[in-house]
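Reading the structure
So you can see what is in the structure, the chains are spelled out below.
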Amino acid sequence: MNSKDKIYSLPQLLEQVQKWRAQGQQIVFTNGCFDLLHLGHVDYLEKARQLGDKLVLGLNTDASISRIKGPSRPLQDEMSRARVMASLLFIDAVVLFDEDTPLNLIQAVQPDILVKGDDYAVEQIVGHEVVQARGGAVKTVPLVKGYSTTSIVNKIENNRNLNKS
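Each residue is numbered by its place in its chain's sequence as written, counting from 1. Restriction of local features to residues with pLDDT of at least 70 applies here, the model being predicted, together with a cutoff of 80 or more for giving and counting side-chain atom pairs; totals for whole chains, interfaces and linings are based on all residues. Side-chain calculation: all heavy atoms of the structure are included, whereas hydrogens and water are not.

Brief notes about the pattern of salt bridges
- In the sections that follow, a salt bridge refers to a side-chain nitrogen of Lys or Arg positioned within 4 Å of a carboxyl oxygen of Asp or Glu. As enumerated under the stated definition, the model contains eight salt bridges in all.
- Where Arg21 meets Asp112, a salt bridge forms, and the shortest distance between an N and an O atom there is 3.8 Å. In this pair, Arg21 is assigned in helix α1 (residues 10-22) and Asp112 in the loop between α5 (103-109) and β5 (113-117), connecting sequence segments 91 residues apart.
- In this scheme, a residue with accessible area under 20% of its type's maximum is buried, one over 50% is exposed, and one in between is partly exposed, where area comes from a 1.4 Å probe on protein chains only. Given the relative accessible area of 28%, Arg21 is considered partly exposed.
- Lys47 is the salt-bridge partner of Asp43, the closest N and O atoms lying 2.6 Å from each other. Taken together, the residues Asp43 and Lys47, both in helix α2 (residues 39-49) and four residues apart, mark about one turn of the helix.
- When salt bridges that share partners are traced, they join Arg21, Asp112 and Arg134 into one network. Strands are runs of DSSP state E lasting at least 2 residues, helices are runs of H or I lasting at least 4, and numbering of each runs from the N terminus.

Looking at the sheet that holds strand β1 (residues 7-8)
- By definition, two strands form a pair when at least two bridges between them are found by DSSP. Taken in spatial order, the six strands of this open sheet run β1-β4-β3-β2-β5-β6, and their pairing is parallel. Across the chains shown, the open sheet's two edge strands, defined by having one partner strand only, are β1 and β6 (137-141).
- By the bridge criterion, two bridges tie β1 to strand β4 (residues 93-97) in an arrangement that is parallel. What sits directly across from Tyr8, in β4, is Val95.
- Strand contacts of α2: β2 (27-32), β3 (54-60), β5 and β6, with the helix running at about 135° to β3, the strand carrying the most contacts.
- The contact criterion used throughout is that any non-hydrogen atoms of two residues lie within 4.5 Å. Lines fitted to C-alpha atoms define the axes, with helix axes restricted to the stretch in contact, and inter-axis angles between N-to-C directions lie between 0 and 180 degrees. The sheet contacts of helix α4 (residues 78-86) involve β1, β3 and β4, and relative to β3 the element is tilted by about 165°.

As for the pairing of β6
- Bridge analysis of β5 against β6 gives five bridges, and the strand direction is parallel. Directly across from Ile113, in β6, lies its bridge partner Ala137.
- Whether a crossover is right-handed comes down to one check: with the strands pointing away from the viewer, does the path from the first strand over the helix to the second run clockwise; if it does, it is right-handed. With helix α6 (residues 128-133) bridging β5 and the parallel β6, this β-α-β connection has right-handed handedness.

Comments concerning the nonpolar core
- Only buried Ala, Val, Leu, Ile, Met, Phe, Trp, Tyr and Cys residues count toward a nonpolar core, and they belong to the same one when joined by side-chain atoms within 4.5 Å. The biggest cluster of nonpolar side chains holds 19 residues, and the ones touching the most others in it are Leu45, Leu57, Met85, Ile91 and Val94.
- Every element with two or more residues in this core is listed here: α2, β3, α4 and β5.
- Once you skip the residues sitting within four places of it in the chain, Met85 turns out to touch Phe34, Leu37, Leu45, Leu57, Leu59, Ile91 and Val94.
- Leu13, Phe29, Phe97 and Val109 belong to the second largest nonpolar core, which has 18 residues in total.

A few points about the environment of Thr101
- Summarising the element assignment, Thr101 is placed in the loop between β4 and α5.
- A relative accessible area of 34% means that Thr101 is categorised as partly exposed.
- Once the C-alpha coordinates of Thr101 and Ala22 are considered, the two residues, 79 residues apart in sequence, prove to be 28 Å apart.

The values are spatial; any link to function lies outside them.
Shown next, in the form of structure tokens:
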């Protein structure tokens, strides 16, 4: 399968999710910016996928990342990020969302399992009420300590400043 084939519009995704459900597949959902792919992301997403049969990734658009993280982000455009994420074998679908939170997307997809990193309490996870109301599960998975896009960006900035001195 081509990585482009795993990037869906919302209507396409809802049709695909319906097919997976008809096959008895459990749908896992997570979301994020995934501006620079690193070990922490890979480990997190592998663990998320192991919780069900199909992993759907809601990916923030460039505009939503800029609103959340500031004007210097994202570092990579949304289609570049979508292709990189879709290339991962444990991700079954990528869909972009433009809102600041994935609540509308979660309401549309109605995942069986909603996942975030263990830096969140279940009650803090956007959409937990939606998933739990239909009998789904909301889970957190352990994060690999010391890995974040922000820490990588800071390290690059510090190295650049050292080289200027």
